[in-house]
Amino acid sequence: MKQAACAALAALVCPLAAQAAGVEYRSLSDVAVMYDAPSRQARQQFVIARHTPVEVVRSQTGWVKVREPGGMLAWVEAASLAPARMVIVTAERARILVRAEDDAPLVFEAERRVLLEPLTEAAPAGWAKVKHRDGQSGFVRISQVWGL
């Protein structure tokens, strides 16, 4: 019981702490190669999909060190970052609801790793308004997505 209460509190507090610390999230404009150093001559670590959200950790001329949704750190060319942002579902199934209320009607469910566009509409604390690429939109608990 105590662990569940602590987990619930952490889900609410961590995003707020991230905002207070000035965490910056961006998304990739296209498929991008991730490197272990800020150079095309560095070792290629992996390839990351278009629109994947990343957390900006450090910037230097032409390169950005980022954390991807799985927690890995890597360097990517700054030109690979898009101005538009996306979030990625981290829960097994995220519930997107008509209103920012747990008992609101369901609009749709999104499985883990589905990308959603965060909308700029204001949402109550702990919620975000998002849109699926098919046009459906609604509110999701921020504890079910990453990239805000």
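Please read these numbers as outputs of a predicted model, since none were measured by experiment. (Residues numbered from 1 in each chain as written. Predicted model: local features only at pLDDT ≥ 70, side-chain atom pairs only at ≥ 80, totals over all residues. Heavy atoms only, no water.)

### Digging into the overall build of the protein
Next up, step 1: Regarding its fold elements, the protein presents 1 helix and 14 strands.
Next up, step 2: With 148 residues in all, the protein has 36% of them scored as buried.
Next up, step 3: Long-range contacts, defined here as pairs at least 24 residues apart, represent 49% of the contacts in the protein between residues at least 6 apart.
Next up, step 4: Accessible surface, the protein as shown: approximately 8,800 Å² in total, 52% of it carbon and sulfur. (Helix = DSSP H or I, 4+ residues; strand = E, 2+ residues; numbered from the N terminus. Buried < 20%, exposed > 50% of the residue type's maximum accessible area, 1.4 Å probe, protein only. Contact = heavy atoms within 4.5 Å. Areas by Shrake-Rupley, 256 points an atom, 1.4 Å probe, with all protein chains shown as cover.)

### So, the side chain of Glu-55
Next up, step 1: Along the chain, the position of Glu-55 falls in strand E4 (residues 53-60).
Next up, step 2: The contacts of Glu-55, once residues within four sequence positions are left out, are Val-23, Glu-24, Tyr-25, Lys-65, Val-66, Arg-67 and Trp-146.

### Regarding the pattern of salt bridges
Between side chains of opposite charge, a pair can form when the charged atoms approach closely.
Next up, step 1: This structure, assessed with the given rule, holds 11 salt bridges.
Next up, step 2: We note a salt bridge from Arg-26 to Glu-24, for which the minimum N-O separation is 3.7 Å.
Next up, step 3: Judged by relative accessible area, Arg-26 falls into the partly exposed class, the value being 23%.
Next up, step 4: Look at Glu-24 and you get partly exposed, because its relative accessible area is 37%.
Next up, step 5: For Arg-93, the salt bridge is made with Glu-111, and the minimal N-O distance between the two is 3.1 Å. Of this pair, Arg-93 sits in strand E9 (residues 93-97) while Glu-111 sits in strand E10 (residues 106-111), placing them 18 residues apart in sequence. (Salt bridge = Lys/Arg side-chain N within 4 Å of Asp/Glu carboxyl O.)

### What to know about the confidence of the model for the protein
Next up, step 1: The share of residues in the protein with pLDDT of 70 or more is 86%, and the mean pLDDT across the chain is 88.
Next up, step 2: Here helix H1 (residues 2-20) is the element of the protein with the lowest mean pLDDT, 44, and E9 is the one with the highest, 98.
Next up, step 3: Confidence drops under a pLDDT of 50 for residues 1-20, and excluding neighbours within four residues, the segment shows 5 contacts in the predicted structure. (pLDDT = per-residue confidence, 0-100.)

### With respect to the environment of Arg-58
Next up, step 1: Among the secondary structure elements, Arg-58 is positioned in strand E4.
Next up, step 2: Overall, the relative accessible area of 48% leaves Arg-58 in the partly exposed class.
Next up, step 3: Aside from chain neighbours lying at most four places away, what touches Arg-58 is Trp-63, Val-64, Lys-65 and Trp-75.

### Section: the side chain of Ser-27
Next up, step 1: Assignment of secondary structure puts Ser-27 in strand E1 (residues 24-28).
Next up, step 2: When its relative accessible area of 1% is taken as the criterion, Ser-27 is described as buried.
Next up, step 3: At 2.7 Å, the side chain of Ser-27 and the backbone nitrogen of Met-86 are in polar contact. (Polar contact = N/O pair within 3.5 Å; in protein donor to acceptor, adjacent residues only side chain to side chain.)

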